[in-house]
Amino acid sequence: MVEVYLFFLGLVVMEPITYLSHRYIFHGFGVPLHRSHHSSHNRREGQKKLIHNFAPKSNGWELNDFYPGISALITMSVIALGIFVPSLKYLISFGFGITAYGLLYFLIHDIVVHGRIPFFRIKKNIFSWHYHSHRIHHLFGGEPYGLLFPIVPSALKKRYHQLTLKNSSHE
Ligand SMILES: [Zn+2]
Ligand SMILES: [Zn+2]
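Computed from a prediction, not measured in an experiment: that's the story for all the values here.

Undergrad: Requested: an account of the nonpolar core, with residues and values cited.
TA: Met14, Leu91, Phe94, Ile98 and Tyr101 together form the largest nonpolar core, which totals five residues. Among the elements that make up this core, the one with the highest residue count is helix α5 (residues 91-113) (four residues). Residues contacting Tyr101, with those up to four places away along its chain left out, are Leu11 and Met14.

As structure tokens, this is what we get:
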């Protein structure tokens, strides 16, 4: 039973860890790599163009893909430790929880929001909370840094709605 708890602990604890790494590493000293993910939605392109080009089809790999690669290596090491060191066996369930988070992140962020797998489309309206919240992150380059449980400050929500309205009335 404790394995089930550890699995969910691994799953849940990853959201604050992702928030903190995204905020303080990716948008901190790690920004040279993360910029590649934001560049196609750069503010310099102008906000009108930006709002329509928010989720372009992927042109292949981004430098930013280094981060999920590193996370996968760390997670595999955690699981391997659990397999090879008997006293650390609980790390296996914990590691699977982290893996489940990674898969959900990939599904929502890469497939649903950014449409990186062209032949695999999932309706955005199922994940509209995630879609619009992450769009706000790309538009203004700040909050929300979380992905699965994005919390958007109301001032940003307002700015976003105004911008969306303005853009749709121009068409
Ligand atoms: Zn970012
Ligand atoms: Zn993104």
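The discussion continues.
Undergrad: Residue-level account of the environment of Phe94, with values.
TA: Relative to the assigned elements, Phe94 resides in helix α5. Not counting residues up to four positions away in its chain, the partners in contact with Phe94 are Leu6, Leu9, Gly10 and Val78.

Undergrad: Can you explain the confidence of the model for the protein chain? Please cite residues and give values.
TA: Residues at a pLDDT of 70 or more form 85% of the protein chain, whose mean pLDDT is 86. Per-residue pLDDT stays below 50 along residues 41-53; that stretch engages in 14 contacts with residues further than four places along the chain or on separate chains.

Undergrad: A description of the environment of His37 should follow, citing residues and the corresponding values.
TA: Along the chain, His37 falls in helix α2 (residues 31-38). Residues His37 and Asn64 lie 27 residues apart in sequence; the distance between their C-alpha atoms is 5.9 Å. With residues near it in sequence (within four places) discarded, His37 still touches Glu62 and Asn64.

Undergrad: Account for the packing of α5 against helix α6 (residues 128-140), naming residues and giving values.
TA: Relative to each other, α5 and α6 sit at 75 degrees, their axes nearing to 11 Å. In terms of their interaxial angle, α5 and α6 are classed as roughly perpendicular. Each of Ile108, His109, Val112 and Val113 in α5 lies in contact with α6, whose residues at this interface are His130, Tyr131 and His134. Broken down by class, the residue content of the contact of α5 with α6 amounts to four nonpolar, three polar and no charged.

The rules behind these values
- Per chain, the residues get numbers from 1 upward, laid out in the order the sequence is written.
- In the order they appear in the text, chains get letters beginning with A and ligands get numbers beginning with 1.
- Given that the model is predicted, a residue must reach a pLDDT of at least 70 before its local features are reported, and side-chain atom pairs must reach 80 or more before they are shown or counted; all residues, however, enter totals for whole chains, interfaces and linings.
- For this entry, the nonpolar core is defined as buried Ala, Val, Leu, Ile, Met, Phe, Trp, Tyr and Cys residues connected by C-beta atoms within 7 Å.
- We call a residue exposed when 12 or fewer other C-beta atoms sit within 10 Å of its C-beta, buried when the count reaches 20 or more, and partly exposed for counts in between; the C-beta positions come from the backbone.
- Helix and strand assignments come from DSSP, with helices taken as H or I runs of at least 4 residues and strands as E runs of at least 2, each series counted from the N terminus.
- Throughout, a residue-residue contact means that the two C-beta atoms, derived from backbone geometry, are no farther apart than 7 Å.
- In predicted models, pLDDT denotes the confidence assigned by the predictor to each residue on a 0 to 100 scale.
- Here an axis means a line fitted to C-alpha atoms, over the contact stretch when the element is a helix, while the angle between two N-to-C directions is reported on a 0 to 180 degree scale.
- Small angles under 35 degrees read as roughly parallel and large ones over 145 as roughly antiparallel, with 65 to 115 read as roughly perpendicular and the rest as oblique.
- Here the term charged refers only to Asp, Glu, Lys and Arg, the term nonpolar to Ala, Val, Leu, Ile, Met, Phe, Trp, Tyr, Cys and Pro, and the term polar to all other amino acids, Gly among them.

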